Amino acid sequence: MSYGTADSLRPVTLDDVRGAQKMLSGVARTTAMEGSRYLSRLIGAPVHLKCENLQRTGSFKLRGAYVRISGLLPEERAAGVVAASAGNHAQGVALASSLLGVRSTVFMPRGAPLPKISATRGYGAEVRLHGQVVDETLAAAQEHAARTGAVFIHPFDHPDVIAGQGTVGLEILEQCPEVRTIVVGIGGGGLAAGIAVAVKALRPDVRIVGVQAAGAAAYPPSLAAGYPVAVPAPATMADGIKVGRPGDVPFGIVADLVDEVCTVSEDELSTALLLCLERAKLVVEPAGASPVAALLSDPGAFEGPVVAVLSGGNVDPVLMQRVLLHGMAAQGRYLTVSVRLTDRPGALATLLGVLTVVDANVLDVSHVRTDPRLGLTEAEVELHLETKGPEHCTEVGRALHEAGYTVVG
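As the structure is a prediction and not an experimental result, all values here were calculated from the model. Sequence positions are assigned chain by chain, starting from 1 and proceeding in written order. Per-residue local features of the predicted model are confined to residues with pLDDT of at least 70, and side-chain atom pairs are confined, for both listing and counting, to 80 or more; whole-chain, interface and lining totals are unaffected and use all residues. Hydrogens and waters are ignored; side-chain quantities use all the structure's heavy atoms.

Caption draft 1: Structural context of the packing of helix H1 (residues 14-23) against helix H8 (residues 159-175). At a closest axis distance of 8 Å, the pairing of H1 and H8 adopts a crossing angle of 85°. Judged by the inter-axis angle, H1 sits roughly perpendicular to H8. Together, Leu14, Asp16, Val17, Arg18, Ala20 and Gln21 of H1 and Ala163, Gly164, Gly166, Thr167, Leu170, Glu171 and Glu174 of H8 make up the contact between the two elements. Orientation is described by axes fitted as lines to C-alpha atoms, over the contacting stretch for helices, and by angles from 0 to 180 degrees between their N-to-C directions. Helix and strand definitions follow DSSP, with helices as H or I runs of at least four residues and strands as E runs of at least two, each counted in order from the N terminus. Should an angle fall under 35 degrees it is called roughly parallel, over 145 degrees roughly antiparallel, and 65 to 115 degrees roughly perpendicular, with every other angle called oblique. Whether two residues are in contact is decided by their heavy atoms: any pair within 4.5 Å suffices.

Below is the structure:
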């Protein structure tokens, strides 16, 4: 197994993945495989969740980073390593470097969540905040590598990284030998490529489905064109797969070995995250929930047994709060309405009485009295309600209408 930078475009083989698995013994956890009764009932076949959200550092990224850094020559290790990341890769590189006694510098965007910055520092890396988006951070890290001689550790575009991520595929075959479909999120493509190399070599009959966020879906146009195509300004809550262009190395593997790449919406991602939390009792970041989102969006499209790879669980608490509210709204469990009423004492109490009768929980109330669209004696009240689903939302709207209220939003 060669590790020099000159072979960065060499093929990745099953032997590479098996070698990576030996290298990671005692370093990366063999993560749990949990069954999901809810998803199994939904698709009509067994569904298992591969819990890389429970991996050390909270994602699969440790695997590839450790294998890549392990293979550096002594003089390369002495120069240290550098990486750019908004979170998961940063932590993987930081821990891998510490375990191997290599100095690491990690560039992160200025807006990176504080828990991820703190965790990366805690694993032993020197963190430098630069730029507002990952592309700016990446450029700074590459400039640092050119100036200092530190080895740049790419998050997905290197054979050793792909081999390390492919160990997830070997574990899936060991833990669920009867698997028929593997569903995995795709950003740059390192994890999907690694899994595909391992699984297709041993079980070519297994279908592999990649999942991208619709707002950052670079693979469908790239596969159609036959080469990596950049998507301008990718936008998604799933920062773990928010990548504007596929990596050159993983793209070739995905094009050859991954059977399908589908996309999911932001609503589907937030609903999937909520389901993982409520039904599976697992904290999963939006990118990690993308395979579950694909199962929810088209349950009849997957032959079982299915393994969905939960690739990470490093979600910022502030984002988690927003995503959960978004997921509740998508499921009809969180409703915002604006109601016009006469601005007089007791009017709000009467309105709340209507909502009490239909058992809607009022979370927040705000008044607007100065909008020029309102009459002199009118006020507009915005209500944030916790509801029980789409049917309950309809019941709330009907009750307000029957009580004579004008619902304007």
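Caption draft 2: Representation of the sheet that holds strand S4 (residues 104-108). Taken together, the four strands give an open sheet; going across it, the order is S5-S4-S3-S6, and neighbouring strands pair in parallel fashion. Every interior strand has two partners, whereas the edge strands, strand S5 (126-129) and strand S6 (151-152), have only one. Being paired, for any two strands, means DSSP has found at least two bridges between them. Examined bridge by bridge, strand S3 (residues 81-84) and S4 share four bridges and lie parallel to one another. Residue pairing across strands places valine 82 opposite threonine 105, the latter belonging to S4. Along the sheet, helix H7 (residues 134-148) makes contact with S3, S4, S5 and S6, crossing S3 at roughly 165°.

Caption draft 3: Representation of the nonpolar core. Among buried residues, those of type Ala, Val, Leu, Ile, Met, Phe, Trp, Tyr and Cys that are joined through side-chain atoms within 4.5 Å constitute a nonpolar core. Residue burial is assigned from relative accessible area. The probe radius is 1.4 Å, only protein chains are included, and a residue is buried under 20% of its type maximum, exposed over 50%, and partly exposed in between. The biggest cluster of nonpolar side chains holds 54 residues, and the ones touching the most others in it are Ile69, Val81, Ile172, Val179, Ile182, Ile195 and Val309. Looking at this core, the element that brings in the most residues is helix H9 (residues 190-202), giving eight residues. Excluding its chain neighbours within four sequence positions, the residues that come into contact with valine 309 are Lys50, Val168, Ile172, Ile182, Val183, Val184, Leu191, Ile195, Gly288 and Pro291. Grouped together as the second largest cluster of nonpolar side chains are 39 residues, Ala238, Ala272, Val315 and Met320 included.

Caption draft 4: Region of the structure containing the pairing of S4. The element S4 is extensively covered by neighbouring structure, given that five of its five residues are classed as buried. Residues Ser104, Val106 and Met108 point to one face of S4 and Thr105 and Phe107 to the other, with burial holding for every one of them. This β-α-β element, S3 to helix H5 (residues 88-100) to S4, shows right-handed connectivity. Taken together, S4, helix H6 (residues 114-122) and S5 constitute a β-α-β crossover, and its handedness is right-handed. A crossover counts as right-handed when, viewed with the strands pointing away from the observer, the path leading from the first strand over the helix to the second turns clockwise.

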